[in-house]
Amino acid sequence: MAKLHQPRRSSAKPRQGRQTPRCQPVMVFLTAGCPPPTKTSPLQAGSLHYVNRPAGLLYDEGCFRSARPRRANLRSMLNAVNVMPTAPQDISCSSRSIGPTGLGSALTTWLACLAATALAADPPETLAEAPQLNVLMVCVDDMRADAGCYGHPQALTPHLDRLAARGMRFERAYCQQALCNPSRASLLTGRTPDSLQIWNLTKGLRSSDPNLITLPQLFRQHGYHTRGIGKVYHNWRTADHGDPQSWSVPAVLHFARHDDDTPQVKGPLPPNESTAPRCMRLDVPDEAYFDGRIAKLAVEELQARGKDRKPFFLAVGFWKPHLPFNPPKKYWELYERPATPKSAAKSSRPLIDMPANPLAPKHVPALALHDSREIMRAAGDDGLTADEVLELRHGYLAGISFLDAQLGKILDELERQKLDQQTIIVFWSDHGFHLGEHSLWCKTSNFELDARVPLILSVPPTLTRTPPGGGVRWQAQGASQALVELLDLYPTLAELCRLPAPPGLDGDSMVELLQSERSDNDSRWSAAYTQHPRPNYYGNRPEAMGVSVRTARHRYTEWRDFATKQVLATELYDHRQDPRETDNLAAVADAATLAELRAALERRFPRE
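Residues numbered from 1 in each chain as written. Predicted model: local features only at pLDDT ≥ 70, side-chain atom pairs only at ≥ 80, totals over all residues. Heavy atoms only, no water.

A. Inspection of the overall build of the protein chain at higher detail. Of the regular secondary structure elements, the protein chain holds 14 helices and 17 strands. Taking all 608 residues of the protein chain together, 57% fall into the buried category. Once local pairs closer than 6 in sequence are excluded, the contacts in the protein chain between residues at least 24 apart make up 70%. Looking at the protein chain as shown, the accessible area adds up to about 25000 Å², and 52% of this sits on carbon and sulfur atoms. (Helix = DSSP H or I, 4+ residues; strand = E, 2+ residues; numbered from the N terminus. Buried < 20%, exposed > 50% of the residue type's maximum accessible area, 1.4 Å probe, protein only. Contact = heavy atoms within 4.5 Å. Areas by Shrake-Rupley, 256 points an atom, 1.4 Å probe, with all protein chains shown as cover.)

B. Representation of the side chain of glutamine 531 in the model. Structurally, glutamine 531 can be placed in strand β14 (residues 528–534). On the basis of relative accessible area, glutamine 531 is assigned to the buried category, the value being 2%. Those residues within four positions of glutamine 531 in sequence are excluded, and the remaining contacts are Gln176, Gln177, Ala178, Pro193, Asp194, Trp199, Asn446, Met545, Gly546, Val547 and Phe605.

C. How the structure looks around the sheet that holds β14. The 4 strands are arranged β14-β15-β16-β17 in an open sheet whose pairing can be described as antiparallel. The open sheet is flanked by β14 and β17 (567–574), the only strands paired with a single partner. Pairwise comparison of adjacent strand axes, ignoring direction, gives a mean angle of 15° for this sheet. As paired elements, strand β16 (residues 554–561) and β17 share 7 bridges and run antiparallel to each other. Opposite arginine 560, over in β17, you have valine 567 as the bridge partner. Set on the sheet, helix α14 (residues 591–604) makes contact with β14, β15 (544–550), β16 and β17; between it and β16 the angle comes to about 65°. (Pairing = 2+ DSSP bridges. Axes fitted to C-alpha atoms, helices over the stretch in contact; angles between N-to-C directions.)

D. Geometry of the pairing of strand β8 (residues 423–429). For β8, the tally of buried residues reaches 7 of 7 residues, placing the bulk of the element in the interior. The alternating pattern of β8 places Thr423, Ile425, Phe427 and Ser429 and Ile424, Val426 and Trp428 on opposite faces, both of which are buried. Relative to β8, strand β4 (residues 134–141) runs parallel, the two being bridged by 7 bridges. The partner of valine 140 across the bridge, within β8, is serine 429.

E. Highlighting the packing of aromatic side chains. Considering all chains together, one arrives at 12 aromatic pairs under this definition. Arranged with centres 5.4 Å apart and planes meeting at 80°, the rings of tryptophan 199 and phenylalanine 562 form a pair that is edge-to-face. With a gap of 363 residues between them, tryptophan 199 in the loop between α5 (193–196) and α6 (205–208) and phenylalanine 562 in the loop between β16 and β17 connect regions that are remote in the sequence. Of the two residues, tryptophan 199 and phenylalanine 562, both sit in the buried class. Three or more aromatic residues joined by ring pairs form one cluster here, namely Phe219, Tyr224 and Phe313. (Phe/Tyr/Trp six-rings, centres within 6.5 Å; stacked < 30°, edge-to-face > 60°.)

F. Region of interest: helix α8 (residues 290–308). With 19 residues, α8 extends 27 Å between its outermost C-alpha atoms, agreeing within 8% with the 27 Å of an ideal straight helix rising 1.5 Å per residue. Turning to α8, its buried residues number three or more, namely Phe290, Asp291, Gly292, Ile294, Ala295, Ala298, Val299, Glu301, Leu302, Arg305 and Gly306. Residues of α8 that are buried make contact with β6 (225–230), β7 (312–321) and α11 (386–416). (Expected span 1.5 Å × (residues − 1).)

G. Geometry of unusual backbone geometry. For the bond running from lysine 320 to proline 321, omega is 10°, close enough to zero to count as cis. Topologically, proline 321 is positioned in strand β7. In this chain, arginine 534 is followed by proline 535 through a cis amide linkage whose omega measures -5°. Among the structural elements, proline 535 can be located in the loop between β14 and β15. Phi at glutamine 197 takes a positive value of approximately 60°, unusual for a residue other than glycine. Relative to the helices and strands, glutamine 197 is located in the loop between α5 and α6. Despite not being glycine, glutamate 581 has its phi angle at roughly 55°, a positive value. Mapped onto the fold, glutamate 581 is located in the loop between β17 and α14. Of the residues examined, glutamate 581 reaches a relative accessible area of 1% and is grouped as buried.

H. Helix α13 (residues 489–496), seen in detail. A large share of α13 lies buried, amounting to 7 of its 8 residues. If you check which residues of α13 are buried, you get Leu489, Tyr490, Pro491, Thr492, Leu493, Ala494 and Leu496. For α13, the elements touching its buried residues are β4, α4 (180–189), α7 (215–221), β8, β12 (455–458) and β13 (478–485). Arginine 498 sits one or two residues past α13 and shows a positive phi near 60°.

I. View of the packing of α8 against α11. In contact at an axis separation of 9 Å, α8 and α11 are set at 10° when each is read in the N-to-C sense. Regarding the angle of α8 to α11, the classification is roughly parallel. Touching Asp291, Gly292, Ala295, Ala298, Val299, Leu302 and Gln303 of α8 are Phe402, Leu403, Gln406, Lys409, Ile410, Glu413 and Leu414, all from α11. Classifying every residue of the contact of α8 with α11 by side-chain character gives 8 nonpolar, 3 polar and 3 charged. (Parallel < 35°, antiparallel > 145°, perpendicular 65-115°, else oblique. Nonpolar A, V, L, I, M, F, W, Y, C, P; charged D, E, K, R; others polar.)

J. Representation of the packing of helix α3 (residues 158–166) against α11. It is the contact of α3 with α11, at a shortest axis distance of 7 Å, that shows an interaxial angle of 45°. By the criterion of interaxial angle, the relationship of α3 to α11 is oblique. Of α11, the residues touching α3 (which contributes Pro158, His159, Leu160, Arg162 and Leu163) are Asp404, Ala405, Leu407, Gly408, Leu411, Asp412 and Glu415. A breakdown of the residues in the contact of α3 with α11 according to their chemical character gives 6 nonpolar, 2 polar and 4 charged.

K. Region of the structure containing the pattern of salt bridges. Considering all chains together, one arrives at 39 salt bridges under this definition. The salt bridge partner of glutamate 301 is arginine 227, with a shortest N-O separation of 2.7 Å. Of the two residues, glutamate 301 is situated in helix α8 and arginine 227 in strand β6; the sequence distance between them amounts to 74 residues. Considered together, glutamate 301 and arginine 227 belong to a single accessibility category, that of buried residues. In this structure, the salt-bridge partner of glutamate 413 is arginine 416, at a minimum N-O distance of 2.3 Å. Within this pair, glutamate 413 and its partner arginine 416 are both found in helix α11, separated by 3 residues, close to a single helical turn. Since its relative accessible area comes to 3%, glutamate 413 is described here as buried. (Salt bridge = Lys/Arg side-chain N within 4 Å of Asp/Glu carboxyl O.)

L. Summary view of the environment of glutamate 437. By the element assignment, glutamate 437 lies in the loop between β9 (434–435) and β10 (441–442). Residues glutamate 437 and leucine 449, spaced 12 residues apart in sequence, show a C-alpha to C-alpha distance of 8.6 Å. In this structure glutamate 437 touches Arg144, Pro355, Asn357, Pro358, Arg393 and Leu449, once residues within four positions along its chain are discounted. A distance of 2.6 Å separates a polar side-chain atom of glutamate 437 from the backbone nitrogen of leucine 435. (Polar contact = N/O pair within 3.5 Å; in protein donor to acceptor, adjacent residues only side chain to side chain.)

See below:
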């Protein structure tokens, strides 16, 4: 299957606010004889680089897209490479004529004039720069939007709610595929699963393109201390172990199976009070499990960063609420489970309930469903009892509260080290989850519960800028109804931190959605896309691929033969009338609606 490098939305408009360069563009041309790139000048030999603003350091092949950098960095750039105004002739170099001391006196004089002109282009009072921003990226596994800040009636998530209160909560955020490896590979490279050719658990990130620049790797290349603690990449069953190129120091607590997360305590284990398959309820401390130890290491890392104040990109990957459902007992005790499904227990604690839509949707094609093997392989021959269903749903919410408590420890330490005012915080889950809805358990579908994810982005007040003409630019709090994808995080964080995104990214920067004057209903944010193969866990290649588009009102899915792209089955759900996706309307929908949705789907997944 050919690799797809389609733009995310063919209807995308040009970004607003792009300014015409105030001065003549600068061209840098390095021949193959040039010395290796330096930290201050990571240019590649044999490539053209255009800098549309003479005050720019951050650059890439093609058009410069960054904000104004530090003045010191400008001087580093001007002292590191031969730079001349764009002219008909190319400026080449040799290993003797380039470098911090290799500039001729005439060129040095011209560069000084260029620097002075650039720095004088704005009145001095507008040149005050925002400090270099850190990034704290917290990711979790298998968490659907079950949090208090997302309106879930039972979930107890005070720290997620606290983070959402200071940031932007994306109400309609979607993963690219409801499976750990392709979802995480896509987010961390800014490429679609089709672009990477990764749709399963076994293909390594670098196997599709060894020259990929991952998100943390981009920050590392630009002087950040990057560290991964916990599950950030999905690396079990793949040849690569956590992508070492991404990190300044080796990743920790990142390579294991989820079933390896057994309680580690001194002395004998307390009794297990759980009876449902793949559940465990023990009275043990947080640090008995991976996530408690991950939080402890993240706190220690923030303490170190508080001392040296070097800019950092810290990725903290919690393993929960993924199976097994084994959070410590105190988190189970936050919730109440009735003795029988019909009992109405009176309790001050949130009451665990049965799934509201336990049956498969009407008229659903068989390809849309799966065998729920992660849980059902541990169930008895007769399947799950009602009590077991309640206990599994109980364990899932307890796991969310467990990871929420670990998040709280990290947020507290960030504030204690006084790093919160210069740190971007982003929280995301790799995909959603089923807990008995649609007759399904776990993930690997294109339904809303698997595709929709929590996504919170908190931008510190120090990023607030005054654009030309005045007025506060940022309103990085509240809720956005824009349809966004995890794919969009890479270009967003690059733009917020003024780093040059590498070419070939498939997502769009969401920075405009953080602005005070924005439209969540802009056509650029009118659709989000998800896909999943069949079989769910295939061998050499899939037999079919389900491709799905979510618009403000509908979810439309086509199941296509993987080799021929012939449409095998379709699904259409009207979220205005049927938010739980209980009735497939594909056979009875009006032609105009279907044509519009098919056209939207073709923009990401063309059949030709």
